[in-house]
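Examination of the molecular architecture
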Amino acid sequence: MSAITFKAVNPSTVASQQNFDVMEIENEFCRAVITRQGAQILSFERKIKSAETDVVDVKSLLWCSELSLQQFLDDLKSDRKTKAIRGGIPLCFPWFGGHLTDAKLPSHGFARTQLWDLTSVDQSAQGHQLVFTLQNDAITDLFWHHQFRLTLSMTCGEHLHLVLGIENVGDTDFDCEFAWHSYFPLNAIESVKIDGLQGKKFLDQLTNETYVQEHAQIQFDQETDRIYQDVAGNYQIHDGLQQIDIQTKNCKSAIVWNPWIKKTQRLEDVDAQAWQKFVCLECANVRENRLHIKAGQSDQFSMVIF
Ligand code: TA6
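Residues numbered from 1 in each chain as written. Predicted model: local features only at pLDDT ≥ 70, side-chain atom pairs only at ≥ 80, totals over all residues. Heavy atoms only, no water.

Within an unreviewed UniProt entry, the label attached to the protein chain reads Putative glucose-6-phosphate 1-epimerase, and the organism entered is Acinetobacter sedimenti. UniProt's Sequence similarities (unreviewed entry) comment on the protein chain is quoted here verbatim: "Belongs to the glucose-6-phosphate 1-epimerase family." (UniProt positions renumbered as here; feature names shortened; annotations may be inferred.)

What follows is the structure in structure tokens.
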């Protein structure tokens, strides 16, 4: 079974490779759902064939708020301005978090709420390969006065493999940040352990204090919001019998976030129990690891999830 379906939510819009709201992918390895807004993969389910039988198990590697997705679809249907979707892998660019000097600018930048172009769709023995691009335009210029081109290559196969290219196509250097703000599903938050950050310095965004990660594993018993710097870039999320592996290249920061109970109640686009269902482990280059890209130059980053 191998298929790509392009869907337009608003009946007056024609669904095609150039003009879609949501695309669904299925092949022998996986099922995925991606929105054109933000070139955001919302769900990725690996198909795991058992050796003995031809029974196929499914391992979901991403979490998405159903409430947030429904709000997005309702806004599209009603031609209302859509918001960022809380789930899957939103891309924060060209800054992470609140803008440093102008609070009116969108949190986490604009890349996750802009419409990207799907410039190529290929299929190989490894699954489907998609390439999305986002180029500066009059809208992005309202937020950030630099000329850039983002290229996001996505391979949906046995693994989910993302490669981000950030090009400075202007004639002046720029600084920027980016983060793959990934939401990972959990069975039980109390049993979750994250490997890969031991000994790394982190800023606790809740206290604005800096610490060093002493324990080999991060566990959760309260709201957690940490920006780790100068990281090695490979992580495991252990959740009971389930494990999700994340391997990156050239991502020198990592953000770990779970809103816990009270912050979840302040979020409008999730249900009250969402804090038990996801953890964010965000591979990034932010703050001290922000990027400086010279005019005419580019940089590339990759992340594999399996
Ligand atoms: O991922 C860390 C963080 O900066 C948290 O502080 C929290 O605000 C989260 O991002 C969600 O941001 P969003 O704008 O998607 O609600």
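Let's talk about the overall build of the protein chain
Across its full length, the protein chain carries three helices and 24 strands. Over its C-alpha trace the protein chain gives a radius of gyration of 19 Å, about what one expects of a compact globule, namely 19 Å for 306 residues. Dimensions of the protein chain, computed from C-alpha atoms along their principal axes, come out at roughly 60 × 50 × 35 Å. In the protein chain, which comprises 306 residues, the proportion classed as buried is 49%. (Helix = DSSP H or I, 4+ residues; strand = E, 2+ residues; numbered from the N terminus. Rg over C-alpha atoms; globule rule 2.2 N^0.38 Å. Buried < 20%, exposed > 50% of the residue type's maximum accessible area, 1.4 Å probe, protein only.)

Some words on the pattern of salt bridges
Applying the stated criterion across every chain yields a total of 12 salt bridges. Of the charged contacts, one joins Glu45 and Arg31 as a salt bridge, the two residues approaching to 2.9 Å between their closest N and O atoms. Of this pair, Glu45 sits in strand 4 (residues 40–49) while Arg31 sits in strand 3 (residues 30–35), placing them 14 residues apart in sequence. Under the relative-accessibility criterion, Arg31 is labelled partly exposed at 33%. Through salt bridges with shared partners, a single ionic network connects Glu177, Arg287 and Arg290. (Salt bridge = Lys/Arg side-chain N within 4 Å of Asp/Glu carboxyl O.)

What about the packing of aromatic side chains?
Under the definition given, this model contains 19 aromatic pairs. Ring centres 6.4 Å apart and planes at 80° place the aromatic pair Tyr183 and Trp257 in the edge-to-face group. Here Tyr183, found in strand 13 (residues 183–185), pairs with Trp257, found in strand 21 (residues 253–258); they are 74 residues apart in sequence, far enough to count as distant. An aromatic cluster is defined as three or more aromatic residues linked by ring pairs; in this entry it consists of Phe93, Trp95, Phe110, Phe143, Trp144, Phe148 and Phe174. (Phe/Tyr/Trp six-rings, centres within 6.5 Å; stacked < 30°, edge-to-face > 60°.)

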